[in-house]
Amino acid sequence: MENCIFCKIINKEIPCYKIYEDEYTLAFLDIAKDVDGHTLVIPKKHCTNILDADEETINHLMHTIQLVSNHYINKCGYAGINILNNNNACAEQSVMHLHFHIIPRNENDQIYVYPKFPGAKYPIEDTLKKLKIN
Ligand code: AMP
Ligand code: ZN
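A brief look at the structure comes next. (Residues numbered from 1 in each chain as written. Chains lettered and ligands numbered in written order. Predicted model: local features only at pLDDT ≥ 70, side-chain atom pairs only at ≥ 80, totals over all residues. Heavy atoms only, no water.)

**Observations regarding the site of ligand 1**
Taken together, 16 residues lie around ligand 1, and Asp30, Asn86, Ser94, His99 and His101 are the ones closest in. Take Asp30: an N or O atom from its side chain is 2.5 Å from an oxygen atom of ligand 1. Val95 has a polar backbone atom sitting 3.0 Å from an oxygen atom of ligand 1. Coverage of ligand 1 by the protein amounts to 82% of the 510 Å² it exposes when considered alone. If you list the elements that add at least two residues to the shell around ligand 1, you get helix H1 (5-10) and strand S2 (25-29). When residues of the shell around ligand 1 are assigned to their parent elements, the largest contribution, three residues, is made by H1. Per-class residue counts for the shell around ligand 1 are nine nonpolar, five polar and two charged. (Near = heavy atom within 4 Å. Polar contact = N/O pair within 3.5 Å; in protein donor to acceptor, adjacent residues only side chain to side chain. Areas by Shrake-Rupley, 256 points an atom, 1.4 Å probe, with all protein chains shown as cover. Helix = DSSP H or I, 4+ residues; strand = E, 2+ residues; numbered from the N terminus. Nonpolar A, V, L, I, M, F, W, Y, C, P; charged D, E, K, R; others polar.)

**Quick word on the packing of aromatic side chains**
In the structure shown here, the tally under the stated rule is three aromatic pairs. A ring pair is formed by Phe6 and Phe28, whose centres lie 5.5 Å apart and whose planes are at 80°; its orientation type is edge-to-face. With Phe6 in helix H1 and Phe28 in strand S2, this pair connects stretches of sequence that are 22 residues apart. Considered together, Phe6 and Phe28 belong to a single accessibility category, that of buried residues. Here the aromatic rings of Tyr72 and Tyr78 are separated by 6.3 Å at their centres, their planes lie at 50°, and the arrangement is tilted. (Phe/Tyr/Trp six-rings, centres within 6.5 Å; stacked < 30°, edge-to-face > 60°. Buried < 20%, exposed > 50% of the residue type's maximum accessible area, 1.4 Å probe, protein only.)

**Topic: the coordination of the zinc ion (ligand 2)**
For the zinc ion (ligand 2), the full set of protein donor atoms is Cys4 (SG), Cys7 (SG), His46 (ND1) and His97 (ND1), at a range of 2.0 to 2.3 Å. Geometry at the zinc ion (ligand 2) is tetrahedral, judged from the four donor atoms that bind it and their angles of 101 to 116° at the metal. Linear spacing of the donor residues for the zinc ion (ligand 2) on their chain is C-x2-C-x38-H-x50-H. Pair noted here: Cys7 is in helix H1 and His46 is in the loop between strand S3 (39-43) and helix H2 (55-74), with a separation of 39 residues, a long-range link. (Donors = N, O, S within 2.8 Å, 3.2 Å for Na, K, Ca; no water. Tetrahedral: all angles 85-135°; square planar, octahedral: opposite > 155°, others 65-115°.)

**With respect to the sheet that holds strand S1 (residues 18-21)**
Taken in spatial order, the five strands make up an open sheet running S1-S2-S3-S5-S4, and their pairing is antiparallel. Across the chains shown, the open sheet's two edge strands, defined by having one partner strand only, are S1 and strand S4 (80-84). With direction set aside, neighbouring strand axes in the sheet form an average angle of 20°. When S2 meets S3, the two strands line up antiparallel, connected through five bridges. Residue Ala27 lies in a different strand from S3, and its bridge partner there is Val41. (Pairing = 2+ DSSP bridges. Axes fitted to C-alpha atoms, helices over the stretch in contact; angles between N-to-C directions.)

**Points about the nonpolar core**
Proteins that are soluble and globular tend to have nonpolar side chains buried together. Listed in full, the 11 residues of the largest apolar core are Ala27, Val41, Cys47, Ala53, Leu61, Ile65, Val68, Tyr72, Leu98, Phe100 and Ile102. When contributions to this core are tallied by element, the ones reaching two or more residues are H2 and strand S5 (100-105). Among the elements that take part in this core, H2 stands out by supplying four residues, more than any other. Formed by 10 residues, the second largest nonpolar core is a distinct cluster that contains Cys4, Phe6, Ile10 and Val95. (Core = buried A, V, L, I, M, F, W, Y, C linked by side-chain atoms within 4.5 Å.)

And the structure:
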């Protein structure tokens, strides 16, 4: 897709720090420099996010997320990983090409990934009524 920075990376119009590539996916280092090993995994087929991605694309993406994650743990000395994914601008998605963040973790690494939520506003039963499928 035109003007998509991740499509430009896939098409080699702009460079990336490539970790892994196959026919369907690409994994590369995030340039945020916020935490060592911050990795992005993207499908080569452009879609905005998880909401419009087709099942095959998601399957390929999940396969690569697992492959890279196991590599970090089995070959690179990490003890765990966080997988993060933002969908739509209100949920802090800034690049509108589907991507998952992998954050490699170690014991006592002083990295805190899980959000500090403000506390639920409604009784859990009301929330269940609103959100339940079927
Ligand atoms: P999100 O906020 O979930 O949309 O994440 C987008 C991520 O893309 C951010 O962490 C950015 O640092 C990262 N990013 C943006 N441009 C590039 C780029 N050219 N190469 C690598 N990472 C990038
Ligand atoms: Zn794209």
